[in-house]
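Summary of structural features
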Amino acid sequence: MALYIGVMSGTSLDGLDIALIEQETAVKLIATHYIPMPAPLRVELLGLCASGPDEIARSAIAQQNWVTLAAQGIHALLEQQQLTHHNIRAIGSHGQTIRHEPARGFTVQIGNPALLAELTGITVVSDFRSRDVAAGGQGAPLVPAFHESLFGEADGNRAVLNVGGFSNLSLIETGKPVAGFDCGPGNVLLDAWIHQQRGATFDRDGQWAATGKVEPQLLSALLSDPFFLTQGPKSTGREVFNLPWLEQHLGRLPSLHAQDVQATLLELTAQTIVASLKSAQPHTETLLVCGGGAHNTTLMNRLAAMLPATRVSSTATYGVDPDWVEAMAFAWLAHCCLEGIAANRPSVTGARGLRVLGAIYPA
């Protein structure tokens, strides 16, 4: 038996997810801990997603603050479980993505793994995306191999949908290599718009979106983005889909009610997911949803309505808490790295071949 910790903060930047797993023949979630992202750090990390003054120094300071927060959470989790750093084989730390541009040959996650190893006394594995990008891949999504390990034993065509800031699909079909790709914006535009209009960090249960109506002209304009016209392997990020991108489209249309914009953004998320699924795996029997979007009742109902022949449910129906799948995945990726197991999937990222992912920072 080996214990690993996974740490990640996604594009929503709401906080750090920390998961403790047991790795034997299968992955077992042992415990979790969540730390809300301090507002000043969230603002700084968001600012680093675009070019700005003194970026190098600012990113260095921001990642020190991110790591300090992560270390505090790890120590709290160990204390809760009556464990010490000696009990943990490794931490898999995704860090925080501030740039993702595989077409230009790079992806950047900050998270100072050397400092995290120093503060915890635990070996840290990080920088999981770079090797896949170096091999000509997208470096994302990385979770399909983990989804396959969790949900790949049942028969039939299954898909796992992660809806975080962006949405991505893992396509699991008996007798075929796992496939997957990013579909487009998940919560990133929904969160940005409600924050600008109402000061909230997210639309709980999709309640605000449910009060609006979809604006066909706006939806058509958003769907015309070249990203939606390409097939996988593909990945995306804030470099493409962001508030200025939305405002640029809004500026070409008559003034719209704010709640109608929110409803249209939710429809954009739903339509791009469904179109991606139908194109890549048209006879999907089960769609399992994880990430924050699994709690968006309006979105889940819309997906179910658009996929009447598919069972749409949270990963919780398979015994896996939807909030912790990604943090578990990075703990598992740390295990794969230390064991020399290739954890990318060329069928997902487009890399030239299987690669062991991650850089190791010994305790």
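Conventions adopted
- Residues numbered from 1 in each chain as written.
- Predicted model: local features only at pLDDT ≥ 70, side-chain atom pairs only at ≥ 80, totals over all residues.
- Heavy atoms only, no water.
- UniProt positions renumbered as here; feature names shortened; annotations may be inferred.
- Core = buried A, V, L, I, M, F, W, Y, C linked by side-chain atoms within 4.5 Å.
- Buried < 20%, exposed > 50% of the residue type's maximum accessible area, 1.4 Å probe, protein only.
- Contact = heavy atoms within 4.5 Å.
- Axes fitted to C-alpha atoms, helices over the stretch in contact; angles between N-to-C directions.
- Helix = DSSP H or I, 4+ residues; strand = E, 2+ residues; numbered from the N terminus.
- Parallel < 35°, antiparallel > 145°, perpendicular 65-115°, else oblique.
- Nonpolar A, V, L, I, M, F, W, Y, C, P; charged D, E, K, R; others polar.
- Polar contact = N/O pair within 3.5 Å; in protein donor to acceptor, adjacent residues only side chain to side chain.

Labelled according to an unreviewed UniProt entry, the protein appears under the name Anhydro-N-acetylmuramic acid kinase, originating from Pseudomonas gessardii. The Function (unreviewed entry) field of the UniProt record for the protein holds the comment "Catalyzes the specific phosphorylation of 1,6-anhydro-N-acetylmuramic acid (anhMurNAc) with the simultaneous cleavage of the 1,6-anhydro ring, generating MurNAc-6-P. Is required for the utilization of anhMurNAc either imported from the medium or derived from its own cell wall murein, and thus plays a role in cell wall recycling."

1. Focus on the nonpolar core
Grouped together as the largest cluster of nonpolar side chains are 43 residues, with contacts concentrated most on Leu169 and Leu287. The residues contacting Leu169, other than those within four sequence positions of it, are Pro144, Ala159, Val160, Leu161, Ala179, Gly180, Phe181, Cys183, Ile273, Ser276, Leu277 and Leu287.

2. Details of the packing of helix H5 (residues 144-151) against helix H12 (residues 325-339)
Helix-helix packing is characterised by the crossing angle of the two axes and by the distance between the axes. In contact at an axis separation of 10 Å, H5 and H12 are set at 100° when each is read in the N-to-C sense. Regarding the angle of H5 to H12, the classification is roughly perpendicular. In contact with Ala145, Phe146, His147 and Ser149 of H5, H12 contributes Val325, Met328, Ala329 and Trp332. Classifying every residue of the contact of H5 with H12 gives 6 nonpolar, 2 polar and no charged.

3. As for helix H6 (residues 188-198)
Within H6, the full set of buried residues consists of Val188, Leu189, Leu190, Asp191, Trp193 and Ile194. In this structure, the buried side of H6 is in contact with strand E9 (166-173), strand E10 (179-185), helix H7 (207-210), helix H9 (243-250) and helix H10 (258-280).

4. Describing the side chain of Thr264
Note on placement: Thr264 falls in helix H10. The class for Thr264 is buried, based on a relative accessible area of 0%. At 2.7 Å, the side chain of Thr264 and the backbone oxygen of Asp260 are in polar contact.

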